[in-house]
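# Summary of structural features
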Amino acid sequence: MTYFLEYTVPAASDEEGFAFPHDEISPGTTVPLVRTDADIVHTPDLPARTGIIGATVAEAKLEAEQLITHSRATEATLYEDPSNSLRAGVGTRVATFKEGRGWQDA
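Here we summarise the structure given alongside this text. (Residues numbered from 1 in each chain as written. Predicted model: local features only at pLDDT ≥ 70, side-chain atom pairs only at ≥ 80, totals over all residues. Heavy atoms only, no water.)

With that settled, consider the overall build of the protein. Counting its regular elements, the protein contains one helix and seven strands. Secondary structure of the protein in N-to-C order comes out as β-β-β-β-α-β-β-β. Looking at the 106 residues of the protein, the share that counts as buried comes to 27%. For the protein, contacts bridging at least 24 residues in sequence account for 59% of all contacts bridging at least 6. A total of about 7,300 Å² of accessible surface is found on the protein, and carbon and sulfur atoms cover 51% of it. (Helix = DSSP H or I, 4+ residues; strand = E, 2+ residues; numbered from the N terminus. Buried < 20%, exposed > 50% of the residue type's maximum accessible area, 1.4 Å probe, protein only. Contact = heavy atoms within 4.5 Å. Areas by Shrake-Rupley, 256 points an atom, 1.4 Å probe, with all protein chains shown as cover.)

In structure tokens form, the structure reads like this:
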């Protein structure tokens, strides 16, 4: 099955957030901030949608939990999405994860 995990990565407590260049002419291009004239976007957190490999929901949850515990995220939503979309909220919600409570099936 095709699963995707959506979560938010907050800035570390000693950081003011994230800064990155926004260049509509060259989307997807990574350029160091000191070497670009592009507008700089600041955000306190970063949304993420990541593909998760698993033959079953249980396998996907296990894989997703490994990713969550190695990030600063405290909650996440697992989707089944055969369309392989990277757009947020696409697919069927399978479960949600909250730190300290674990998984809650949809």
